[in-house]
Protein chains: 2
Amino acid sequence: MTTTGAGRPRLSTRKRPGATARDEILDAAAELFTTGGFTSTSTRMIADAVGIRQASLYHHFANKDDLLTALLVGTVTSPLTFAEDMRESPEPAAVRMYALTWFDAQQLANSRWNLGALYLLPELRTERFEPFRAQRGTLMDLYTAFARDALVQINPDAELDLRIAQLPFRLVETVINTRSDAEAEGSSASPSPEVIADASIRILGWTGSTTELASRTTALLDEYSGGQR
Amino acid sequence: MTTTGAGRPRLSTRKRPGATARDEILDAAAELFTTGGFTSTSTRMIADAVGIRQASLYHHFANKDDLLTALLVGTVTSPLTFAEDMRESPEPAAVRMYALTWFDAQQLANSRWNLGALYLLPELRTERFEPFRAQRGTLMDLYTAFARDALVQINPDAELDLRIAQLPFRLVETVINTRSDAEAEGSSASPSPEVIADASIRILGWTGSTTELASRTTALLDEYSGGQR
């Protein structure tokens, strides 16, 4: 699909999804970082992939780290917004947990590029990426809070093992590994958000059917995506 | 701890763990790949870190890919051997599953370098790394087989959802992410193998206490490590 750029002089016609040049640059960077590697990709290669001059790229992003930050932050903003919305919801804790794991597993499974595969880059440990790490940390904390509430709801008398409360977040992120392995084998088998949500709530001690949780979640997601439009 | 090399002329005294020069090279490569990144590390840097000449390194490994292959294969050989041992065991399926997840989570948590963080490198998708991918695939298949057997033992009448059987393997590998995040924050909190084993068996529908599974596993691991000596 090729659409022409809107009112801005370009070296070539637009060839990437995105309403703006900035979006096109991000899409090209995401492709090159996830398929060729972050270190092996230069801003020149990204500019070439968009069909713009390197100088034009620098108009939007100061350097490669800025691009990576923008992409990584993009992987946590939508689950963060959803989790903050859910936190205010009157739904029982188990439903909130189920809905968050479903929502996040779905967005990780369906995103155009598997950007979570970059979370383990040693480069991310540097000071420059602290803002991203802080945002992902906030998301992790929300997961843990939801999981603690669900643990208490499911089994009010049990002693709270907080190490268990950290697992739903981890389990959701396994979508990244499943996608990566499928891509390595040339398959596109995408992990099911429902299976991840089910497994997460069972880790927290849920033993019955999850049909009710799933149908309530579907309704919540419909409502939410309606409200976001 | 500094020990002198055994009978081989060296530029410097031995400064890394390992009985042989080959082990020292692997240890240096593991450190540099996991802390500086695979792409950013040269064989020259590895040789320097060991205190040998680059030519001596090439005596043991043809190139950087060979080093990476050896390190990655090292992350799956011990759980593979254990899984093959467990497959022949007369233990109930739930015990075999519990023991495998415990054993593997433990070795991933305690390995000197967090090498699993390299699993998502785009480089691994190339033909050169097919031997490693095949071995990890064999381990994954053993996990799935154990999980199917456990699903049948736990709930013989339920319809088998094979997507669930893939989750214990994924959950165990989250040890890699937990370690990586802890290292980024300068902490050394290591994930508990017991918590991972517990969560894995609950995903497969286990609802009761896991005390019995855990004590049987401890006995099996003692026996096994005795047999390996």
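What counts, and where the lines are drawn
Residues numbered from 1 in each chain as written. Chains lettered and ligands numbered in written order. Predicted model: local features only at pLDDT ≥ 70, side-chain atom pairs only at ≥ 80, totals over all residues. Heavy atoms only, no water. Helix = DSSP H or I, 4+ residues; strand = E, 2+ residues; numbered from the N terminus. Buried < 20%, exposed > 50% of the residue type's maximum accessible area, 1.4 Å probe, protein only. Contact = heavy atoms within 4.5 Å. Lys, Arg positive; Asp, Glu negative; His and termini not counted. Charge placed at Lys NZ, Arg CZ, Asp CG, Glu CD. Salt bridge = Lys/Arg side-chain N within 4 Å of Asp/Glu carboxyl O. Polar contact = N/O pair within 3.5 Å; in protein donor to acceptor, adjacent residues only side chain to side chain. Patch = residues over 30% accessible without salt bridge, like charges linked within 9 Å, V, L, I, M, F, W, Y side chains within 5 Å. Areas by Shrake-Rupley, 256 points an atom, 1.4 Å probe, with all protein chains shown as cover.

- Per an unreviewed UniProt entry, chain A goes by the name TetR/AcrR family transcriptional regulator and belongs to Rhodococcus globerulus.

**So, the overall build of chain A**
- When you go through chain A residue by residue, the secondary structure sums to 10 helices and zero strands.
- Overall, chain A shows an N-to-C arrangement of helices and strands of α-α-α-α-α-α-α-α-α-α.
- Counting only C-alpha atoms and orienting by the principal axes, one finds that chain A spans roughly 65 × 35 × 35 Å.
- For chain A, the residues scored as buried account for 53% of the 229 residues in total.
- Relative to all contacts within chain A whose residues are 6 or more apart in sequence, the contacts with residues 24 or more apart total 70%.
- Distance between charge centres in chain A, computed from 23 positive and 29 negative side chains, equals 9 Å.

**Thoughts on the side chain of B:Glu123**
All names here are of chain B.
- Tracing the backbone shows Glu123 in the loop between helix 5 (93-110) and helix 6 (130-154).
- Buried within the structure, Glu123 lacks any salt-bridge partner; Lys64 is the closest side chain of opposite charge, at an N-O distance of 7.0 Å.
- A polar contact of 3.3 Å, which involves the side chain of Glu123, links it to the side chain of Thr39.

**Quick notes on a nonpolar patch on the surface**
Residues and elements named next belong to chain A.
- Residues Val152, Leu160 and Leu162 make up a contiguous nonpolar surface patch of roughly 230 Å² in combined accessible area.
- Position of Leu160 among the secondary structure elements: in the loop between helix 6 (130-154) and helix 7 (162-165).
- What makes Leu160 partly exposed here is its relative accessible area of 38%.

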